[in-house]
Amino acid sequence: MASSGQVSFKLEDHPKLPKGKRIAVVVLDGWGEYKPDQYNCIHVAQTPTMDSLKQGAPDRWRLIRAHGNSVGLPTEDDMGNSEVGHNALGAGRIFAQGAKLVDLALASGKIYDGEGFKYISESFEKGTLHLIGLLSDGGVHSRLDQLQLLLKGASERGAKRIRVHVLTDGRDVLDGSSVGFVEILENDLAKLRGKGVDARIASGGGRMYVTMDRYENDWDVVKRGWDAQVLGEAPHKFKNAIEAVKKLRENANDQYLPPFVIVDDNNKAVGPIVDGDAVVTINFRADRMVMLAKALEYQDFNKFDRIRVPKIRYAGMLQYDGELKLPSCYLVSPPEIDRTSGEYLVHNGVRTFACSETVKFGHVTFFWNGNRSGYFNPQMEEYVEIPSDVGITFNVQPKMKALEIGEKARDAILSGKFDQVRVNIPNGDMVGHTGDIEATVVACKAADEAVKMILDAIEQVGGIYIVTADHGNAEDMVKRNKSGEPLLDKNGDLQILTSHTCQPVPIAIGGPGLAPGVRFRSDAPNGGLANVAATVMNLHGFVAPNDYETTLIEVADN
Ligand SMILES: O=C(O)[C@H](O)COP(=O)(O)O
Ligand SMILES: [Mn+2]
Ligand SMILES: [Mn+2]
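Residues numbered from 1 in each chain as written. Chains lettered and ligands numbered in written order. Predicted model: local features only at pLDDT ≥ 70, side-chain atom pairs only at ≥ 80, totals over all residues. Heavy atoms only, no water.

Identification of the chain as phosphoglycerate mutase (2,3-diphosphoglycerate-independent) from Gossypium hirsutum is taken from an unreviewed UniProt entry. UniProt, in the comment section headed Subcellular location (unreviewed entry), describes the chain in these words: "Cytoplasm". The Catalytic activity (unreviewed entry) field of the UniProt record for the chain holds the comment "(2R)-2-phosphoglycerate = (2R)-3-phosphoglycerate". (UniProt positions renumbered as here; feature names shortened; annotations may be inferred.)

This is the structure in structure tokens:
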């Protein structure tokens, strides 16, 4: 992080816009714009506040891009996600993201020349190489093709015994697709065995129930993974991973499969992690790997009883937390997201409040600040986390903590202690991921109510609001063919889309504090999430740094 040294954080005054307005920055998670049909939960739900903002188009409401190249992803087919979305929103520039950086490092072979790979390869002679991560082609946290290349590359460079610990997806990809991904992986491992490499799947489980918790919401999730991956213990034992996933899917979907271990003919786990082994967590995205990284790396650790702590060589696919330097070894350097808008604004006297509930808390803090935990200046900032419900799927509580987030934001706005009040409202996304259409409609209504609460407070204090989203999700809940018609599966059932989408997201500005003449420019039709930071800086009365993506607003002469 270039937070000191040569960098000047002084921002120039905006020639026309005043300082000192209270500004609410509202991010609706998973709230895109799509055609209004019965699978568009935002359309079906009662969302009077968001609907009313739309009336301000084109001057005060428009759409912006939130996927593909506009957020630093490898291709235009890549849907947006929270990490890249909030990185772009907060940093004001487009950085090549983890997915792309790993692609490049694998394609050039540089991944094998780095310190991280050298470090783990010292275990190849005597130990086992364990690869742990999300098994899908979702491209949000990891990608199957990258795992396949790494398996090939590591075995060609001396790994003789490899164990893969798979986490099934069904969240960034269709539910049920896990079987196919395990089959592809098994096929690759069989080929490696044909070449004399002892390569097998050792354990597994569904990502939301095993290992991939985030922001310390529920350490039991990580413990279940630890028990299977490290200790070789799980309630379900199978000889074969394809059979395991098929069987466990009878009672759970891909995201929530219980943990299992693969055992040999003597019922002994084939791949616990032991002294002398190497471990790589293959996800490039940070949030859902940080907790496991801590368990693998920290000597002092009290979040759960690890029972046995093997002496391993551990590397992340990337370094997941730049501030904590976690993990200390990694295969690919993460994007260097420096000089984020949060850091600039704090240096220019903007007192900031950020809030969400646990499952999205790091989005408006950690991701917003360029994958950096902690405050830039604790005197100027306050980050409030509202504890999320634990141990449930959010279709059961689709309102989540939206109103509590709204209340905290309202109070922060009214208190007069902050110039910027920033929130993430999670409902559309978290409930959208469950694939439950009815619940997602309830979720969208609750999110809209939270927005109203915040806008009302802005109205009271003569402030400004900017409302946007990080990517699509709730606006389309079915898989479609190229002409946009819903697709059915082989049983004739609708194929429910649990993942994000590639749709654009809305952005709206307003409030009594908005200076007369402020409107969206018409000459930035391709504007995306990265243009928001400069826009927010303008509304605070500053000009954004030169290398930031351009502002979305202009001040028309009246
Ligand atoms: O981690 C998740 O929940 C999904 O893979 C992506 O959702 P998010 O990018 O909105 O967090
Ligand atoms: Mn999101
Ligand atoms: Mn999501």
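A.B. asks: Lay out the coordination of the manganese ion (ligand 3) with the relevant residues and their values.
C.D. replies: Summarising the metal site, the manganese ion (ligand 3) is bound by the protein donors Asp-429 (OD), Asp-429 (OD), His-433 (NE2) and His-500 (NE2), whose distances to it range over 2.1 to 2.3 Å. What the six donor atoms of the manganese ion (ligand 3) show is an angle range of 57 to 168 degrees at the metal, which sorts the shape as irregular. Spacing between the donor residues of the manganese ion (ligand 3) along their common chain follows D-x3-H-x66-H. (Donors = N, O, S within 2.8 Å, 3.2 Å for Na, K, Ca; no water. Tetrahedral: all angles 85-135°; square planar, octahedral: opposite > 155°, others 65-115°.)

A.B. asks: How would you explain the pattern of salt bridges if you had to name every residue and give the values?
C.D. replies: All told, the structure shown has 37 salt bridges when counted by the stated rule. With a shortest N-O distance of 2.8 Å, Lys-54 and Glu-33 are connected by a salt bridge. Here the residue Lys-54 occupies a position in helix H2 (residues 48-54), and Glu-33 occupies one in the loop between strand E1 (23-28) and helix H1 (41-44), the gap between them amounting to 21 residues. Asp-429 is paired through a salt bridge with Lys-360; the nearest N and O atoms lie 2.7 Å apart. One end of the pair, Asp-429, is in helix H15 (residues 427-432); the other, Lys-360, is in helix H12 (residues 358-361), with 69 residues separating them in the sequence. (Salt bridge = Lys/Arg side-chain N within 4 Å of Asp/Glu carboxyl O. Helix = DSSP H or I, 4+ residues; strand = E, 2+ residues; numbered from the N terminus.)

A.B. asks: I'd like to hear about the environment of Gln-38, residue by residue, with values.
C.D. replies: Considering the arrangement of structural elements, one finds Gln-38 in the loop between E1 and H1. Owing to a relative accessible area of 52%, Gln-38 belongs among the exposed residues under this scheme. Ignoring any residue separated from it by four or fewer positions in sequence, one finds Gln-38 in contact with Val-44 and Ile-437. A distance of 3.5 Å separates polar atoms of two side chains, one belonging to Gln-38 and the other to Tyr-39. (Buried < 20%, exposed > 50% of the residue type's maximum accessible area, 1.4 Å probe, protein only. Contact = heavy atoms within 4.5 Å. Polar contact = N/O pair within 3.5 Å; in protein donor to acceptor, adjacent residues only side chain to side chain.)

A.B. asks: Could you give an account of the sheet that holds strand E14 (residues 464-469), naming the residues involved and the relevant values?
C.D. replies: Here we have seven strands laid out as an open sheet, ordered E2-E15-E14-E1-E13-E11-E12, and mixed in their pairing. For this open sheet the edge positions go to strand E2 (61-64) and strand E12 (381-386), each flanked by a neighbour on one side alone. On average, each strand axis in the sheet is tilted by 15 degrees relative to the strand beside it, whichever way the strands run. Inspection of the sheet shows E2 paired to strand E15 (residues 505-510) by four bridges, in the antiparallel sense. Bridging across to E15, Arg-62 finds its partner in Ile-507. Along the sheet, helix H16 (residues 437-461) contacts E1, strand E13 (420-425) and E14; its crossing angle with E1, the most-contacted strand, is approximately 175 degrees. (Pairing = 2+ DSSP bridges. Axes fitted to C-alpha atoms, helices over the stretch in contact; angles between N-to-C directions.)

A.B. asks: I'd like a rundown of the nonpolar core, residues and numbers included.
C.D. replies: By size, the foremost hydrophobic cluster in this structure holds 82 residues, and its most contacted members are Leu-129, Met-317 and Leu-331. Those residues in contact with Leu-331, other than ones at most four positions away along the chain, are Ile-111, Gly-116, Phe-117, Ile-120, Leu-150, Val-280, Ala-315, Gly-316 and Met-317. Counting residues in each nonpolar core, the second largest holds 69 residues, with Met-50, Ile-386, Ala-447 and Val-451 among its members. (Core = buried A, V, L, I, M, F, W, Y, C linked by side-chain atoms within 4.5 Å.)

A.B. asks: Let's hear about the sheet that holds strand E9 (residues 313-318): which residues, and what values?
C.D. replies: The strand order E6-E7-E5-E4-E3-E8-E9-E10 describes an open sheet built from eight strands, whose pairing is mixed. Each edge of the open sheet is held by one strand with a lone partner, namely strand E6 (236-238) and strand E10 (330-332). The average undirected angle you get between the axes of adjacent strands in this sheet is 20 degrees. Against the sheet, helix H6 (residues 144-156) makes contact with strand E3 (129-135), strand E4 (161-168), strand E8 (278-281), E9 and E10, and its axis sits at roughly 170 degrees relative to E3, the strand it touches most.

A.B. asks: Just give me the short version of the UniProt feature "domain: BPG-independent PGAM N-terminal" (unreviewed entry) in the chain, but keep the residues and values in it.
C.D. replies: Those places that UniProt annotates as "domain: BPG-independent PGAM N-terminal" (unreviewed entry) correspond, in this numbering, to residues 103-321. A helix fraction of 33% and a strand fraction of 18% characterise residues 103-321, whose end C-alpha atoms lie 20 Å from each other.

A.B. asks: Got a sec to walk through the packing of aromatic side chains? Specific residues and values, please.
C.D. replies: Overall, the coordinates contain 13 aromatic pairs when judged by the stated rule. Judged by centre distance (5.9 Å) and plane angle (85 degrees), the rings of Tyr-344 and Tyr-548 are edge-to-face. A residue pair is termed long-range when its members are at least 10 positions apart, and Tyr-344 in helix H11 (residues 341-347) and Tyr-548 in the loop between helix H17 (532-539) and strand E17 (553-555) qualify at 204 residues. With respect to class, Tyr-344 is no different from Tyr-548; both count as buried. (Phe/Tyr/Trp six-rings, centres within 6.5 Å; stacked < 30°, edge-to-face > 60°.)

A.B. asks: Tell me about the coordination of the manganese ion (ligand 2), and please be specific about residues and values.
C.D. replies: Protein coordination of the manganese ion (ligand 2) is provided by Asp-29 (OD), Ser-82 (OG), Asp-470 (OD) and His-471 (NE2), with donor distances spanning 1.9 to 2.1 Å. All donor residues of the manganese ion (ligand 2) come from one chain, and their arrangement in sequence is D-x52-S-x387-D-H. Between the manganese ion (ligand 2) and the manganese ion (ligand 3), the interatomic distance is 4.2 Å. Of this pair, Asp-29 sits in the loop between E1 and H1 while Ser-82 sits in helix H3 (residues 82-91); the two residues are 53 residues apart in sequence, bridging distant segments of the chain.

A.B. asks: How would you summarise the UniProt feature "binding site: substrate" (unreviewed entry) in the chain if you had to cite specific residues and measurements?
C.D. replies: Summarizing the sequence annotation, UniProt attributes the feature "binding site: substrate" (unreviewed entry) to His-141, Arg-171, Asp-172, Arg-207, Arg-214, Arg-285, Ala-286, Asp-287, Arg-288 and Lys-360 in the numbering used throughout. Narrowing the list just given to those that line the largest cavity leaves His-141, Arg-171, Asp-172, Arg-207, Arg-214, Arg-285, Arg-288 and Lys-360. The topology assignment puts Ala-286 in the loop between E8 and helix H10 (290-297). For Ala-286, a relative accessible area of 3% puts it in the buried group. Beyond its immediate chain neighbours, meaning those up to four positions away, Ala-286 contacts Glu-83, Tyr-320 and Phe-366. Within the fold, Asp-287 resides in the loop between E8 and H10. Residue classification places Asp-287 among the buried residues on the basis of a relative accessible area of 2%. One polar contact links Asp-287 to Arg-214, side chain to side chain, over a distance of 2.8 Å. (1 Å grid on protein atoms, 1.4 Å probe; cavity = no way out; pocket = protein on both sides within 12 Å on 5 of 7 lines; lining within 4 Å.)

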